[in-house]
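Here is what each chain is made of, one letter per residue.
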Amino acid sequence: MMSALPQQKAPKLIVVVAFDRDDDGELQPVFGPAEQQTEDRAIRTAKGLAGKHAGVIAWSREANPTIGEYGEPTTLFLFGDVPDME
């Protein structure tokens, strides 16, 4: 009897970005977008940046770049001011 292969999880894109305001008050990325290996690491990284910048976001989404498929982004951690994600 053959056992079914476990369904392969879609690869995830996990990213942390930190923002500061420029001279015009516009939010500019000053760290990242930095790809992270795991969601836990992304949250730890984002928390470490949180007190030092105007805003920090960690997010993930299922991603299959080879066929150009991307899922909806999920916010893992949010601090301060970040621009609207398109």
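On a predicted model such as this, the values are computed, not experimentally measured, just so you know.

Here is what the cut-offs are and how they apply
Residues numbered from 1 in each chain as written. Predicted model: local features only at pLDDT ≥ 70, side-chain atom pairs only at ≥ 80, totals over all residues. Heavy atoms only, no water. Salt bridge = Lys/Arg side-chain N within 4 Å of Asp/Glu carboxyl O. Helix = DSSP H or I, 4+ residues; strand = E, 2+ residues; numbered from the N terminus. Buried < 20%, exposed > 50% of the residue type's maximum accessible area, 1.4 Å probe, protein only. Contact = heavy atoms within 4.5 Å. Core = buried A, V, L, I, M, F, W, Y, C linked by side-chain atoms within 4.5 Å.

Peer 1: Lay out the pattern of salt bridges in plain terms, naming residues and giving numbers.
Peer 2: Using the criterion set out here, one finds 2 salt bridges in the structure. Between Glu 39 and Lys 12 there is a salt bridge, with the nearest N and O atoms lying 2.9 Å from each other. Placement of Glu 39 in helix α1 (residues 39-50) and of Lys 12 in strand β1 (residues 12-21) is noted, with a sequence separation of 27 residues between them. Take Glu 39: its relative accessible area is 26%, and that puts it in the partly exposed class. Of the residues examined, Lys 12 reaches a relative accessible area of 41% and is grouped as partly exposed.

Peer 1: Run through the environment of Leu 78, naming residues and quoting values.
Peer 2: With respect to the secondary-structure elements, Leu 78 resides in strand β5 (residues 74-80). Along the primary structure Leu 78 and Ile 43 are separated by 35 residues, whereas in three dimensions their C-alpha atoms are 9.1 Å apart. Beyond its immediate chain neighbours, meaning those up to four positions away, Leu 78 contacts Val 56 and Ile 57.

Peer 1: Go over the environment of Ala 34 with me, naming the residues and quoting the values.
Peer 2: When you line up the elements, Ala 34 lands in strand β2 (residues 27-35). On the basis of relative accessible area, Ala 34 is assigned to the buried category, the value being 18%. It is 5.3 Å that separates the C-alpha atoms of Ala 34 and Val 16, two residues lying 18 residues apart in sequence. Apart from residues no more than four positions distant in its own chain, Ala 34 is found in contact with Ile 14, Val 15 and Val 16.

Peer 1: Report on the nonpolar core, specifying residues and quantitative values.
Peer 2: If you look at the biggest cluster of nonpolar residues, it comprises 10 residues: Ile 14, Val 16, Ala 18, Ala 42, Ala 46, Leu 49, Ala 50, Val 56, Ala 58 and Phe 77. Every element with two or more residues in this core is listed here: β1, α1 and β3 (55-64). Once residues lying within four places of it in the same chain are set aside, the contact partners of Ala 50 are Val 56, Phe 77 and Phe 79.

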